[in-house]
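Report on the structure
Listed below, chain by chain, are the residues.
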Amino acid sequence: MTALVTIERHILDQQKRYPQATGSFTSLLYDIALAAKIIARETTRAGLAGILGATDSENVYGERQQKLDVFADNIIFKMNDHTQRLCAMASEEHDDIIAIPPHYGAGKYVLLYDPLDGSSNIDVNVSVGTIFAIHRKISRGARGRIEDVLQPGSSLAAAGYVIYGSSTMLVYTTGQGVHGFTLDPSVGEFLLSHPDIRIPEPPVYYSVNQGHEKYWTHGVRRFTRWLQGIDGEGQAPLSQRYIGSLVTDFHRNLLQGGVFYYPGDMRSPDKPYGKMRLMFEVQALGFIADQAGGYASDGIGSVLTIQPHHLHQRAPMFVGNRWLVEQAEAFIHQHDQDWVKAYGAYRDAKRQPV
Ligand code: P6P
């Protein structure tokens, strides 16, 4: 019988590699796993609990907040506001960084999270997910500041996601590979089910919203045609799979090989950056892909090198098997110099003083 490895045991085993570790980081990952169990419980019975549907409020992007969005956001905050492990939090659902209440002590990590990505799919029972990323505090003083949050993905201490689907899985990395755990509801534990995940070769799928094709730049169109007929490399054409729920589309390509992309375009030349959120989606998934032997690019270069200038900054994302993503960069570099210039100016803007 294979050993039952809970997420707590796995995190502790990983912590043993860092003699100086205080256990604070391990406990933070445990707190996130606990929040995931509570969200999973509500997500799988949302229809019964009367929390399906939308609230009458909107988030910072002007998107109608689903009731489960708000529930998940509150759970993650409440599980972490008092633990003295964090100096600040940031949520996709909040305009600004979230301070640790003054009556609680502050810690040395920052937690960024998208509490329930793809929530518009909840009412039709499509899998949704939570995405999280953890940075180390770098500013002086006890309390967290915006500079602790706006760090590049290359500085991440950890990242992960939870997918609430036919089963609930938590996938995370601390820079020591990518590991997947499946929730056993009968005991309420996440058990190691996918150790050392590597994006497999050959790739099988490509995931993009083909309905946006008329907005795509020439290079992105050429890339998509290439995926549909890859030849010369002895690679079969890829199949299109897109469900419109980022964690689900990403998870499929991580486990089976392929590429997810949400490109920018020139529909509005002053907004060439697409829909993905750098701090709440792109950094975390880019770190995971990198740790699984893949690569994530914004079309110009690695998403992990982007120096953020705004909490809700957006970035295009091409993520999956490295050679596929590098081919996307090649087509864009060859055919889309106008877009490269417009997006590059946004990407490299300087942070506005607060
Ligand atoms: P589109 C869901 O709203 C989301 O943020 C991601 O989960 C998903 O990948 C994307 O938007 C889908 O966007 O424009 O294809 O509907």
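Residues numbered from 1 in each chain as written. Predicted model: local features only at pLDDT ≥ 70, side-chain atom pairs only at ≥ 80, totals over all residues. Heavy atoms only, no water.

What to know about the sheet that holds strand β11 (residues 205-207)
What counts is decided by this rule: A pair of strands counts as paired when DSSP detects no fewer than two bridges linking them. We count a stretch as a helix when DSSP gives it H or I for four or more residues in a row; a strand needs E for two or more, and each element gets its number in order from the N terminus.
The 5 strands lie next to each other as β12-β11-β13-β15-β14, forming an open sheet whose pairing is mixed. Here the strands that pair on one side only, and so sit at the sheet edges, are β12 (239-240) and β14 (295-297). Here 3 bridges tie β11 to strand β13 (residues 258-262), and the two strands are oriented parallel to one another. Bridge assignment links Ser207 to a residue of β13, and that residue is Phe260.

Observations concerning the site of the ligand
Our working rule: Think of it this way: one heavy atom of a residue within 4 Å of a molecule or strand is enough to make that residue near it. Whenever two N or O atoms come within 3.5 Å, that pair is a polar contact, provided that in protein one can donate a hydrogen and the other can accept it, and provided that, for residues adjacent in sequence, both atoms are side-chain atoms.
All residues in the neighbourhood of the ligand are listed as Asp117, Gly118, Asn209, His212, Tyr242, Gly244, Ser245, Leu246, Tyr262, Lys275, Met276 and Arg277. Within the side chain of Asn209, a nitrogen or oxygen atom sits 2.9 Å from an oxygen atom of the ligand. Note that an oxygen atom of the ligand is positioned 3.0 Å from one of the side-chain N or O atoms of Lys275.

Some remarks on the nonpolar core
Applied cut-off: For the purposes of this section, nonpolar cores are sets of buried Ala, Val, Leu, Ile, Met, Phe, Trp, Tyr and Cys residues that join through side-chain atoms within 4.5 Å. Note on classification: 1.4 Å probe, protein chains only; a residue is buried when its accessible area is under 20% of the maximum for its type, exposed when over 50%, partly exposed between these limits. Domain boundaries shown here were taken from an automatic or database domain assignment. In what follows, residue pairs with any heavy atoms lying within 4.5 Å of each other are defined as contacts.
In this structure, Tyr161, Phe223, Leu227, Leu254 and Tyr261 are the most contacted members of the largest nonpolar core, which totals 68 residues. By residue number, the principal contributor to this core is helix α8 (residues 278-291), which donates 9 residues. Residues from two domains meet in this core; each of domain 1 (7-194) and domain 2 (205-347) gives at least three. The residues contacting Leu254, other than those within four sequence positions of it, are Tyr161, Val171, Ile197, Arg198, Ile199, Pro200, Ile288 and Ala292. Counting 38 residues, the second-largest nonpolar core is a separate cluster that includes Leu68, Ile76, Phe132 and Tyr172.

Nothing here speaks to function; it is geometry throughout.
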